[in-house]
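One-letter residues, chain by chain:
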Amino acid sequence: MKVRASLLLRVAFGAVLAIVAGAGAGAQTPGQDESNVVDQPGYQPTPEEEQLSGAFEKQEVFFRTSEAPGTVVIDTRSRFLYLVQPDNRALRYGIGVGRDGFQWSGLQKISRKQEWPDWRPPPEMIERQPYLPRFMAGGPGNPLGARAMYLGATVYRIHGTNQPQTIGTAVSSGCFRLVNEDVIDLYGRVAVGTKVIIKQAVAL
C-alpha cells in the first residue's frame, strides 16, 4: 500500500507540474507564426479589428514599483507597457515588440511626440520586405498609426499600428506598437521628457 500511495503521489505531483508548465508556456507563446507577419502599408483596419480583449485590453492593474507615477515601463517578454500610477497601480497596455534579434532593453526618455507620423521603413525592414515604399505620409493606413513617441536619440518609437492583430506578438524591428485607441490615450498622458524603462521581464 505504501508503494502504491507513493506512486500515486508522484503521478499527481507530475500532473501539477505539467499544468503549471503549460500555463506558463501559454502566457509566453503567441498564437501565430510571427515570422509570417508582414507590414501592410495602406491597410485600414475596421473598428471591430481594433478592439482588444482579454489580457491585452487596456486596464488598471496592481504594479509594485519604486518608479515615480508617470514613468513608462515596457515588459518586452510579456508584451505589456505599464504607465505607473500612484499607490502601486499602473495602466497596462498590450503591445507588439521587436522580433528575435531586434529586442532590446535600456533607459530612455521620450524625446519627441508626433500625431499621424510619416513612415520611413528602416533598412532592416526593407531588406526583409523589399516591396515596401521608402516613404509614406501619415494617415489612417500608415503602419505607425495615429501617434508616435520617439525614444531618446534612437530610431525606436512607441507608436500605433494598422495591424491590430500583431498586438501580443514579436514582429517589429525594435519599436513598440499599440492599437490606435491605446496609443492616442497614452500620448495624451505622457509628456516629452517622460522616463521610459525597457526590460526583458518585469517582476510584479
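Above this note sits the structure.
Attention here is on the structure that accompanies the text. Please read all numbers here as calculations on a predicted model, not as lab measurements.

### Section: the pairing of strand β7 (residues 147-151)
No. 1: Most of β7 is tucked away: 5 of the 5 residues are buried.
No. 2: With 5 bridges connecting them, strand β6 (residues 106-115) and β7 associate as antiparallel partners. Across the sheet, residue E115 finds its bridge partner in β7, namely R147.
No. 3: Connecting β7 to the antiparallel partner strand β8 (residues 157-159) that follows it, the hairpin turn spans 5 residues, and G152 within it adopts a positive phi of roughly 55°.

### Observations concerning the packing of aromatic side chains
No. 1: A full pass over the atoms with the stated rule returns 5 aromatic pairs.
No. 2: Measuring from centroid to centroid gives 4.4 Å for F63 and Y82, while their planes differ by 20°, and the two rings are stacked. Of this pair, F63 sits in the loop between β1 (59-62) and β2 (72-75) while Y82 sits in strand β3 (residues 80-85); the two residues are 19 residues apart in sequence, bridging distant segments of the chain.
No. 3: Judged by its relative accessible area of 2%, F63 falls in the buried class.
No. 4: By relative accessible area, Y82 is classed as buried at 2%.
No. 5: The rings of F56, F63, F80 and Y82 are connected pair by pair, giving a single aromatic cluster.
No. 6: The side chain of R92 reaches across the aromatic face of F80, ending 4.1 Å from its centre.
No. 7: The cationic tip of R147 hangs over the ring face of Y187; the distance from NZ or CZ to the ring centre is 5.4 Å.

### Digging into the sheet that holds β7
No. 1: Pairing is mixed across the open sheet formed by 9 strands, whose spatial order is β1-β4-β3-β2-β11-β6-β7-β8-β10. Single-partner strands in this sheet number two, and they are β1 and β10 (176-177).
No. 2: Pairing between β6 and strand β11 (residues 195-199): 4 bridges, direction antiparallel. Each bridged residue has a counterpart across the sheet, and for Q108 the counterpart in β11 is V196.
No. 3: Seen against the sheet, helix α3 (residues 180-189) touches β3, β4 (89-94), β6, β7 and β8 and runs at an angle of roughly 55° to β7.

What counts as what
Residues numbered from 1 in each chain as written. Predicted model: local features only at pLDDT ≥ 70, side-chain atom pairs only at ≥ 80, totals over all residues. Heavy atoms only, no water. Buried < 20%, exposed > 50% of the residue type's maximum accessible area, 1.4 Å probe, protein only. Helix = DSSP H or I, 4+ residues; strand = E, 2+ residues; numbered from the N terminus. Pairing = 2+ DSSP bridges. Phe/Tyr/Trp six-rings, centres within 6.5 Å; stacked < 30°, edge-to-face > 60°. Lys NZ or Arg CZ within 6 Å of the ring centre and 35° of its normal. Contact = heavy atoms within 4.5 Å. Axes fitted to C-alpha atoms, helices over the stretch in contact; angles between N-to-C directions.

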